[in-house]
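Below, each chain spelled out in residue letters.
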Amino acid sequence: MKITVFTALILTLASPTLACETVTSGEMTIENAWSRATIGANRPAVFYVAITNAGSSGDALIGIATPAASMPMLHQTVVTEDIASMPHAMSIPIAAGQSVQLAPGGYHGMLMGLTEALKVGDNFPMTLTFQNAGDITINVEVLSIRAEGPDCESDGQ
Amino acid sequence: MRIRRAVILGIGGVAGAAAFALGLGGWRTRNRSQSGADLLPLPFADMSFSLTDQRGNMVRPEDWIGRPTMVFFGFTWCPDVCPTTLSDISGWLEELGTDADRLNVAMITVDPERDTTEVLGDYLSHFDPRIIGLTGTLEEIERAASGFRARFEKLARDDDYTMNHTAGVFLFRSDGGFASIIDYHEDRRFAVPKIRRAIG
C-alpha cells in the first residue's frame, strides 16, 4: 500500500492532469477518474470515472477500494417523481462494446470514512473490481467542489 | 486482496439490507390523492415558516415578495446531487450577470440535525455568494416543505443516515407567485431562459 501511495505521489509530480490519464487492461479502458474536494473528513466524498468495455462479452463493476476511504460504495442517484434518492448499486453492468459513465447525477462512488479531507490537486488510487476483468487501479484527481468534470482533450463524456 | 474481498462482500450485505429497507419503506405520501392544483407550490403570501440563514438572519417567505426567487432543498452531507445543483446554480448566476443580483437564491436544508447555520456558511462559502442557506427546527423545515409541496425523508443507512428529497429548483416571480420548476435532469440550456422568464 505504501508503494502505491508513493507511486501516486511521483505521478502527481510528473503529470498535472491525472484525471485525463487512461488505464487499459485487456478489453477494459478506464479514464476521466476524478473526485471533488471535501470540507473536512466527515462528509462522504464522491468518485466519478468513465469505463469502456471493448470486448465482446458483458462485464460488471462490482466493487471499489481505495486507501483514501474505509467505506467506498457504489451508488446511483435516482430521481423519481422529482425525489432524489441514492440507492446502493450492487453492480454496474458494462455491456459489450459500451461505455458507462459514473458521472454527476447518476452512478457514482460514495467514499465514506475518509482518511483525511480531500483537497484540490490531491490524488489517490482507486481499484475497480470487475466481475470478469478483475482489478484495475487508476489514479483519481481531486478537483474543486464546484467541478462538473475534468477538462480532457479526448473527453469521453 | 483478502481485505478487498471482505469489503466487497460487506457492500453486498449492506446493499441488500438497504434495498430491503427501501422496498419496505416506499413513499408514504405517494398514494395520497391530490388534485392538480394541490401539487403546485403556494405563493409566498400563503406560506408560513421561519428559518435562519447562514449569517444568522431570520427569513420568512413574505421577505421574498418583491424580488424573483429561486429555492431548492438539499443537504451538505450529500456527495452528488447537492454539489452538482449548487455548481449549476452558481453557473446560472454567473451567466445571468448583474440580473442575478435582483434574485433571492436559497437552499433550504432537509438535514437540520447536521446542517447548522455554521455548517451551511462553511459549505456555501465555496459557491456563489448570492446563495443563502436556510436551516431551523425540523418543524419549521416541514412547514416550508409543505408550502413548496416538496418532500423529504430520512433514511437510516450503515450506522448513519441519508436524506431523500425533492431535487428540482423552484422559481417564483417577484409578486411571490410560483413560476416554474427546473427539473434535476432537465437540459441545462433551458435553465437560464426559464430564470429570465421568472425575472420578467
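All of the points below concern the structure found in this document. (Residues numbered from 1 in each chain as written. Chains lettered and ligands numbered in written order. Predicted model: local features only at pLDDT ≥ 70, side-chain atom pairs only at ≥ 80, totals over all residues. Heavy atoms only, no water.)

**With respect to the overall build of chain A**
How we decide: To qualify as a helix, a DSSP run of H or I must reach at least 4 residues; to qualify as a strand, a run of E must reach at least 2; elements of each kind are numbered from the N terminus. When a residue's accessible area, from a 1.4 Å probe over protein chains only, is under 20% of the maximum for its type it is buried; when over 50% it is exposed; and in between it is partly exposed. By definition, residues are in contact when any of their heavy atoms lie within 4.5 Å. Calculation of accessible area relied on Shrake-Rupley with a 1.4 Å probe; when residues are assessed, cover is drawn exclusively from the protein chains displayed.
Counting its secondary structure elements, chain A contains one helix and 12 strands. Along chain A, helices and strands appear, N-terminal first, in the series α-β-β-β-β-β-β-β-β-β-β-β-β. A burial count over chain A gives 53% of its 157 residues as buried. Residue pairs at least 24 apart in sequence account for 66% of intrachain contacts in chain A once pairs closer than 6 positions are excluded. Per element, the accessible surface of chain A, about 6,700 Å² overall, is 55% carbon and sulfur.

**Re helix 3 (residues 117-124) of chain B**
Cut-off, in case you're wondering: Think of it as the arc spanned by the lines of direction from the helix axis to the C-beta atoms.
Turning to helix 3 of chain B, its buried residues number three or more, namely B:Leu120, B:Tyr123 and B:Leu124. Summarising the axial view, the buried residues of helix 3 of chain B lie within an arc of 90 degrees, below the 170-degree limit, and thus occupy one face.

**What about the sheet that holds strand 2 (residues 58-59) of chain B?**
Within a sheet, neighbouring strands are paired by backbone hydrogen bonds and run either parallel or antiparallel to one another. Residues and elements named next belong to chain B. Heads up, the condition is: What makes two strands pair is DSSP finding at least two bridges between them. In this analysis an axis means a line fitted to C-alpha atoms, helices contributing only their contacting stretch, and an angle means the value between N-to-C directions, from 0 to 180 degrees.
Ordered in space as 2-1-5-4-3-8-9, the seven strands form an open sheet in which the pairing is mixed. The sheet is open, and its two borders are formed by strand 2 and strand 9 (178-182), each paired with just one other strand. Pairing of strand 1 (residues 51-53) with strand 5 (residues 131-135) involves two bridges; the strand directions are antiparallel. Following the sheet pairing, Asp53 is matched in strand 5 by Leu134. This element, helix 5 (residues 191-199), spans strand 3 (69-74), strand 8 (169-172) and strand 9 of the sheet and lies at about 170 degrees to strand 9.

**Comments concerning the interface of chain B and chain A**
Convention followed: Buried area is a sum: the accessible area each of two parts loses on coming together, probed at 1.4 Å, counted once for each and added. Salt bridges are defined by distance alone: a side-chain nitrogen of Lys or Arg within 4 Å of a carboxyl oxygen of Asp or Glu. Distance and chemistry together define a polar contact, namely a pair of N or O atoms within 3.5 Å, with one atom able to donate a hydrogen and the other to accept it when in protein, and with adjacent residues in sequence counting only for side-chain atoms on both sides. Here the nonpolar group is Ala, Val, Leu, Ile, Met, Phe, Trp, Tyr, Cys and Pro; Asp, Glu, Lys and Arg are the charged ones; every other residue, Gly included, is treated as polar.
The interface is formed by 45 residues belonging to chain B together with 42 residues belonging to chain A. When the two sides are added together, the surface that chain B and chain A hide from each other amounts to roughly 3,400 Å², 59% of it contributed by carbon and sulfur. Where chain B meets chain A, there are two salt bridges. Residue A:Arg146 is joined to B:Glu94 by a salt bridge in which the shortest nitrogen-to-oxygen separation is 3.2 Å. Inspection of the chain B/chain A interface yields 13 residue pairs in polar contact (both at pLDDT 80 or more). Secondary structure elements with two or more residues in the side of chain B that touches chain A: helix 1 (2-25), helix 2 (81-96), helix 3 and strand 7 (160-166) of chain B. In terms of residue count, the dominant contributor to the side of chain B that touches chain A is helix 1 of chain B (10 residues). Looking at the side of chain B that touches chain A residue by residue, the class counts come to 19 nonpolar, 14 polar and 12 charged. By the bridge criterion, two bridges tie strand 7 (residues 83-85) of chain A to strand 7 of chain B in an arrangement that is antiparallel. Bridge pairing in strand 7 of chain B places A:Ile83 opposite B:Thr166.

**As for the sheet that holds strand 6 (residues 78-80) of chain A**
Pairing in this open sheet of four strands is antiparallel, and the strands run 6(A)-7(A)-7(B)-6(B) from one edge to the other. Pairing within the sheet leaves two strands with one partner each, and these edge strands are strand 6 of chain A together with strand 6 (152-157) of chain B. If you compare each strand with its neighbour and ignore which way they point, the axes differ by 25 degrees on average. Judged from the six bridges that link them, strand 6 of chain B and strand 7 of chain B form a sheet pairing that is antiparallel. Looking across to strand 7 of chain B, one finds that B:Phe152 is bridged to B:His165.

**Details of the state of the cysteines**
Residue and element names in this part refer to chain A. Rule in force here: Disulfides are defined as cysteine sulfur pairs within 2.5 Å.
Applying the stated criterion to the full structure yields one disulfide over all chains. What pairs with Cys20 in a disulfide is Cys152, and their sulfur atoms sit 2.2 Å apart. Judged by the sign of its S-S torsion, about -95 degrees, the cystine formed by Cys20 and Cys152 is left-handed. You can see Cys20 sitting in the loop between helix 1 (2-14) and strand 1 (22-25) and its partner Cys152 sitting in the segment after strand 12 (134-143), a full 132 residues away along the chain. Given a relative accessible area of 29%, Cys20 falls into the partly exposed group.

**Quick notes on the packing of aromatic side chains**
Residue and element names in this part refer to chain B. Heads up, the condition is: Geometry of aromatic contacts follows a simple scheme: Phe, Tyr and Trp rings, the Trp one being its six-membered ring, pair when their centres are within 6.5 Å, and the pair is stacked under 30 degrees between planes, edge-to-face over 60, tilted otherwise. Whether a charge lies above a ring is judged from NZ of Lys or CZ of Arg, which has to be within 6 Å of the ring centre and within 35 degrees of the ring normal.
Summed over the entire model, instances satisfying the criterion amount to 12 aromatic pairs over all chains. With centroids separated by 5.3 Å and ring planes inclined at 55 degrees, the aromatic side chains of Phe148 and Phe170 adopt a geometry described as tilted. Pair noted here: Phe148 is in helix 4 (residues 138-148) and Phe170 is in strand 8, with a separation of 22 residues, a long-range link. What links up through ring pairs into an aromatic cluster is the set Phe44, Phe49, Trp64, Phe73, Phe148, Phe170, Phe172 and Phe178. The positively charged end of Arg114 is found above the aromatic ring belonging to Tyr161, 3.9 Å away from the centroid.

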